[in-house]
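In case you want the letters, here they are:
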Amino acid sequence: MIDWNKIDTVLLDMDGTLLDKHHDDHLWEFLVPEAYARMHGIAIEQATKELKIKYSSAKGTMLWSDMNHWSKETGTDIRKLRENAKHLIQVHPHTIRFLEFLRTRKKKVFLVTAAPMDDVEFKLTNAELKEYFDAIYSQIEINLPKESPKFWRTLQKLIDYDPDTTLLAEDNENILEAAKLSGIKHLVFKKASNSQKPPKELINQKNTAMTEIHHFDEIIPR
Ligand SMILES: [Mg+2]
């Protein structure tokens, strides 16, 4: 269990951590390949294969969440396709109760996301989560990927948090590792990222000191 008396700043990822990643996965793994196949006159299997290669070459870089890049790269209108998956923007179970708990305990709460600000705005408005954050930071504005320890050191200068009393919750193990290297002490790995897929497992054995949860009710004191 987390000792909440020792924590004063909470950094939260958005997609897969607070929100069900089903929305994003449906967009990138189904709607985009479908539109890409139509655009290029190829089979959906071929489109999926080609896109997988494009996606994996951008993993962990600034291109990953750059919608303009992907619209250009795929010849599809990603923002328009995103509209078609709007109904899948869902808050994970116990998220609101967790955010309410943080507010009651007067923690400083920041949303720290790879997503561009217009995507954050689109999702938080649909999910009605906006009111819970002291501020929102996107890696696009900081111009470094969250997978880089440098991102976290830059964020620390902006927010002025004490890494010893800061907690980060994330569904991406590589990002947690980068935050750990930058000195953030309390790390929570959110295993249940997409409600339609099995929970993730930590791959690096050295990361077992991270707190693993399926949902936030597991770290709200009774
Ligand atoms: Mg995430």
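Residues numbered from 1 in each chain as written. Predicted model: local features only at pLDDT ≥ 70, side-chain atom pairs only at ≥ 80, totals over all residues. Heavy atoms only, no water.

Colleague: How would you summarise the packing of helix 1 (residues 22-40) against helix 3 (residues 67-74) if you had to cite specific residues and measurements?
Modeller: As a packed pair, helix 1 and helix 3 sit with axes 10 Å apart at the nearest point and diverge in direction by 35°. Residues Trp-28, Val-32, Tyr-36, Met-39 and His-40 of helix 1 lie in contact with helix 3, whose contacting residues are Trp-70, Glu-73 and Thr-74. A per-class count over the contact of helix 1 with helix 3 returns 5 nonpolar, 2 polar and 1 charged. (Axes fitted to C-alpha atoms, helices over the stretch in contact; angles between N-to-C directions. Helix = DSSP H or I, 4+ residues; strand = E, 2+ residues; numbered from the N terminus. Contact = heavy atoms within 4.5 Å. Nonpolar A, V, L, I, M, F, W, Y, C, P; charged D, E, K, R; others polar.)

Colleague: Please give an account of the sheet that holds strand 5 (residues 186-190) that cites residues and values.
Modeller: Judged by pairing direction, the sheet is parallel, and its 6 strands sit side by side in the order 3-2-1-4-5-6 without closing on themselves. Two strands close off the open sheet at either side, each with one partner strand: strand 3 (135-138) and strand 6 (211-213). Taking each pair of neighbouring strands and ignoring which way they run, the sheet shows an average axis angle of 20°. Sheet topology places strand 2 (residues 108-113) next to strand 3; 4 bridges connect them, and they run parallel. (Pairing = 2+ DSSP bridges.)

Colleague: Would you mind going over the packing of aromatic side chains in detail, with residue names and values included?
Modeller: Counted by the stated rule, this structure contains 8 aromatic pairs. Ring centres 5.3 Å apart and planes at 75° place the aromatic pair Trp-4 and Phe-101 in the edge-to-face group. Linking Trp-4 in the segment before strand 1 (9-12) with Phe-101 in helix 5 (residues 95-104), this pair joins segments that are 97 residues apart in sequence. The exposure class of Phe-101 is buried, given its relative accessible area of 12%. Between Phe-151 and Trp-152 the ring centres are 4.8 Å apart and the planes differ by 75°, which places this aromatic pair in the edge-to-face class. Here Phe-151 matches Trp-152 in class, with each residue buried. Against the face of Phe-122 rests Arg-82, its NZ or CZ located 4.3 Å from the ring centre. (Phe/Tyr/Trp six-rings, centres within 6.5 Å; stacked < 30°, edge-to-face > 60°. Buried < 20%, exposed > 50% of the residue type's maximum accessible area, 1.4 Å probe, protein only. Lys NZ or Arg CZ within 6 Å of the ring centre and 35° of its normal.)

Colleague: Please set out the coordination of the magnesium ion residue by residue, giving values where relevant.
Modeller: Only Asp-13 (OD), Asp-15 (O) and Asp-171 (OD) from the protein coordinate the magnesium ion, and they sit 2.2 Å from it. When the donors of the magnesium ion are listed by position in the chain, the intervening gaps give D-x1-D-x155-D. Of the two residues, Asp-15 sits in the loop between strand 1 and helix 1 while Asp-171 sits in the loop between strand 4 (166-170) and helix 9 (173-181), which places them 156 residues apart along the sequence. Here Asp-15 falls in the buried class, since its relative accessible area comes to 17%. Since its relative accessible area comes to 4%, Asp-171 is described here as buried. (Donors = N, O, S within 2.8 Å, 3.2 Å for Na, K, Ca; no water.)

Colleague: So, helix 2 (residues 44-58): which residues are in play, and what are the values?
Modeller: With 15 residues, helix 2 extends 21 Å between its outermost C-alpha atoms, agreeing within 8% with the 21 Å of an ideal straight helix rising 1.5 Å per residue. Every buried residue belonging to helix 2 is among Ala-47, Leu-51, Tyr-55 and Ala-58, and all of these are buried. For helix 2, the angular spread of buried residues about the axis comes to 65°, placing them on one side. For helix 2, the exposed residues lying more than 90 degrees away from the buried face are Glu-45, Lys-49, Lys-52, Ile-53 and Ser-57. For helix 2, the elements touching its buried residues are helix 1 and helix 3. (Expected span 1.5 Å × (residues − 1). Arc of directions from axis to C-beta.)

Colleague: Outline the pairing of strand 5, listing residues and values.
Modeller: Counting buried positions along strand 5 gives 5 out of 5 residues, so the element sits mostly inside the fold. With burial as the criterion, each face of strand 5 is covered, one bearing His-186, Val-188 and Lys-190 and the other bearing Leu-187 and Phe-189. With 4 bridges connecting them, strand 4 and strand 5 associate as parallel partners. Across the sheet, Leu-168 pairs through a bridge with Leu-187, a residue of strand 5.

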